[in-house]
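# Structural description and commentary
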Amino acid sequence: MVRILRSTEQIFHESEEKVTRSNLEVKDRHGECLCKENSPVFKTVTTKTREGEGLWEKCLGCGLVINRSGVEKENLEKFYNFSYQQANSFTPGEVLSPREHYEIAISSMRPVAEFLKPYLKKDMRVIDIGAATGEFLNLIKDDVNYCLANELNKDYCFFIQEELGINATDENYLNLEFEEAFDLITINGTIDHMYDSLSVLDKVANDLRTGGLLYVQTPNDEQALRMYLPEFSRKAFQTFMYQKAHYYSFTFKTLKKVLKSIGLQVVETFSRHDYSLKNFLHWYFLGQPQKIISEAKMSGKMFNNTSDFEREMNELFDDADQKFHKILNKYKAGELICMLAKKIT
């Protein structure tokens, strides 16, 4: 039986396995690049972000893109429990309940669960860092032995525990210590949100058993929408993409480099793009996002299907949407980098 401990500071969910604050000394690597030299050289990528003025820089040595104006460390808990939910709701202008968020978000986690299914075993221990409302863990919990959700949002954490019956903690991952190593650690769209992303990956390597797997999914700095739109639209998308909630923007090359540096061997890489060709064209011609995320992810019908002409035109766009995604996959130009790695040391 899982026991819930409450205080004015946090909500902590404790399972039969004791999860405590870690004594592991973690070096603060906030804002670091991957270069070994003492004085790396940076160039400005942009001073325009989704929220207004900001500063994103790129290291000319390793290529890592870094946010110099992200959310301050002392404001993270408030930001993710309040501000972020208001500004990034699936439904503009509304703060969704955990259940409502879960029902929308679970579709994006199904491909992850399907991809990882061949690697799952009944004796596995799994932690999902940045678990949101627990969609991924709920999809795989019957295929493994133990699941733990790590999520800063207290309402989401409570939902995971009470509604999904999955062990959960809202404690900062860097502060956690575990009795046993994990067989699988997943970080779905979260590593770029973490104030000390590189230190988190250092700790992940420590918390994985030898032979254990890490699956990371994170925005692709070289996605098609940032690289191949007309100049006006490309800059507009770049402003939209770079936001204060993200601290790093990775490419396949830079993410591989950091995983190799912590003793992990990359097993498989691919890109993923959940948005439609219609959404791509919306950015291409208008230089702005569609208002509702769910609509941006659906190919949808361009016509009403009330005539043969309309039906054939819809078929044309459906075929084009499928080919669009095949091209993105071929050139790894989708919105997300997806990477599976194994701990070898």
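What you see as residue numbers is a count from 1 along each chain, following the sequence as written. In keeping with the predicted nature of the model, local features appear solely for residues at pLDDT of at least 70, side-chain atom pairs appear and are counted solely at 80 or more, and the whole-chain, interface and lining totals rest on all residues. The basis for every side-chain value is the complete set of heavy atoms in the structure, and neither hydrogens nor water enter the calculation.

## Some words on the overall build of the protein
Counted only if it meets this: Working definition: helices are DSSP H or I runs of at least four residues, strands are E runs of at least two. Numbering for both runs from the N terminus. Based on C-alpha atoms, the radius of gyration is set beside the globule rule, defined as 2.2 Å times the residue count to the power 0.38. Categorising residues by exposure relies on relative accessible area from a 1.4 Å probe, with only protein chains included: less than 20% of the type maximum marks a residue as buried, more than 50% marks it as exposed, and the intermediate range marks it as partly exposed. Any two residues having at least one pair of non-hydrogen atoms within 4.5 Å are treated as being in contact. Positive charges are assigned to Lys and Arg, negative charges to Asp and Glu, while His and the chain termini are left out of the count. We put the charge of a Lys on NZ, of an Arg on CZ, of an Asp on CG and of a Glu on CD.
Tallying secondary structure elements over the protein gives 11 helices and 15 strands in all. Taking 20 Å as the expected radius of gyration for a compact globule of 345 residues, we find that the protein reaches 21 Å, a close match to that expectation. With respect to the three principal axes, the spread of C-alpha positions in the protein is 65 × 50 × 40 Å. For the protein, with 345 residues in total, the buried portion stands at 50%. Taking as baseline every contact in the protein between residues at least 6 positions apart, the subset at least 24 positions apart corresponds to 69%. Treating the 44 positive side-chain charges of the protein as one cloud and the 51 negative ones as another, the clouds have centres 6 Å apart.

## Quick notes on a nonpolar patch on the surface
Heads up, the rule is: For patches, a residue must show more than 30% relative accessible area and have no salt bridge; joins then use 9 Å for like charges and 5 Å for nonpolar side chains, namely Val, Leu, Ile, Met, Phe, Trp and Tyr. Computed by Shrake-Rupley with a 1.4 Å probe, the accessible areas treat only the displayed protein chains as cover when residues are assessed. A pair is scored as a salt bridge if a Lys or Arg side-chain nitrogen falls within 4 Å of a carboxyl oxygen belonging to Asp or Glu.
A cluster of nonpolar side chains, namely Leu-281, Tyr-284, Phe-285 and Leu-286, defines an oily patch on the protein surface of about 400 Å² accessible area. Within the secondary structure, Phe-285 is located in helix 9 (residues 277-286).

## Some details on the pattern of salt bridges
Summed over all chains, the structure comprises 16 salt bridges. Residue Arg-29 is joined to Glu-32 by a salt bridge in which the shortest nitrogen-to-oxygen separation is 3.0 Å. Judged by its relative accessible area of 14%, Arg-29 falls in the buried class. In this structure, a network of salt bridges that share partners links the residues Lys-27, Arg-29, Glu-32 and Asp-202.

## A few points about the packing of aromatic side chains
Put simply, the rule reads: When two rings of Phe, Tyr or Trp (its six-membered ring) have centres within 6.5 Å they constitute a pair, described as stacked for plane angles under 30 degrees, edge-to-face for angles over 60, and tilted for the intermediate range.
Using the criterion set out here, one finds 17 aromatic pairs in the structure. Here Phe-79 and Tyr-80 contribute two aromatic rings whose centre-to-centre distance is 5.0 Å and whose plane-to-plane angle is 85°, an arrangement assigned as edge-to-face. Judged by its relative accessible area of 11%, Tyr-80 is buried.

## Brief notes about the packing of helix 2 (residues 98-116) against helix 4 (residues 154-164)
As a reminder of what qualifies: Axis angles are defined between N-to-C directions and span 0 to 180 degrees, where every axis is a line fitted to C-alpha atoms and, for a helix, only to the segment in contact. By definition in this entry, angles of less than 35 degrees are roughly parallel, angles greater than 145 are roughly antiparallel, angles of 65 to 115 are roughly perpendicular, and the rest are oblique.
The N-to-C vectors of helix 2 and helix 4 enclose an angle of 80°; their axes lie 10 Å apart at closest approach. On the basis of their axis angle, the class for helix 2 and helix 4 is roughly perpendicular. Contacts between helix 2 and helix 4 involve Pro-98, Arg-99, His-101 and Tyr-102 on the former and, on the latter, Asp-155, Tyr-156, Phe-159, Glu-163 and Leu-164.

## Things to note about the state of the cysteines
The line we're drawing: A pair of sulfur atoms, both from cysteines and within 2.5 Å, is called a disulfide here.
Summed over all chains, the structure comprises zero disulfides. A disulfide-free cysteine, Cys-35 has its sulfur positioned 3.3 Å from the sulfur of Cys-59, the nearest such atom. Looking at Cys-59, the relative accessible area reads 1%, which means it is buried.

## Focus: the sheet that holds strand 4 (residues 42-49)
Selection rule: When DSSP finds at least two bridges between two strands, those strands are taken to pair.
Ordered in space as 4-5-6-13, the four strands form an open sheet in which the pairing is antiparallel. Each edge of the sheet is formed by a strand with only one pairing partner; in this case those strands are strand 4 and strand 13 (248-249). As paired strands, strand 5 (residues 52-59) and strand 6 (residues 65-67) are joined by three bridges and run antiparallel to one another. The partner of Trp-56 across the bridge, within strand 6, is Asn-67.

## Quick look at the nonpolar core
In a soluble, globular protein the nonpolar side chains are often hidden away together inside. Our working rule: To qualify as a nonpolar core, a set must consist of buried Ala, Val, Leu, Ile, Met, Phe, Trp, Tyr and Cys residues joined through side-chain atoms within 4.5 Å.
In this structure, Tyr-173, Ile-185, Val-204, Leu-214 and Leu-259 are the most contacted members of the largest nonpolar core, which totals 47 residues. Here this core gets five residues from one element, more than from any other, and that element is helix 5 (residues 197-207).

## Considerations on a positive patch on the surface
Judged by side-chain charge, Lys-36, Lys-43, Lys-58, Lys-253 and Lys-257 come together as a positively charged surface patch. Within the secondary structure, Lys-253 is located in helix 8 (residues 252-261).

## Considerations on the confidence of the model for the protein
Rules: Summary of the metric used: pLDDT quantifies the predictor's per-residue confidence within the range 0 to 100.
Taken as a whole, the protein shows an average pLDDT of 91; of its residues, 91% reach a score of 70 or greater. Low confidence marks residues 1-15, where pLDDT is under 50. Its contacts with residues over four positions away, or in another chain, come to 40 contacts.

## Quick notes on the pairing of strand 15 (residues 336-343)
Looking down a regular strand, the side chains alternate between one sheet face and the other. For strand 15, a buried count of seven out of eight residues is recorded, marking the element as mostly surrounded by other parts of the structure. Sheet topology places strand 12 (residues 208-219) next to strand 15; seven bridges connect them, and they run antiparallel. In the strand pairing of strand 15, Pro-219 is matched with Leu-336. Relative to strand 15, strand 14 (residues 264-272) runs antiparallel, the two being bridged by eight bridges. Paired with Thr-269 across the strands is Met-339, a residue of strand 15.

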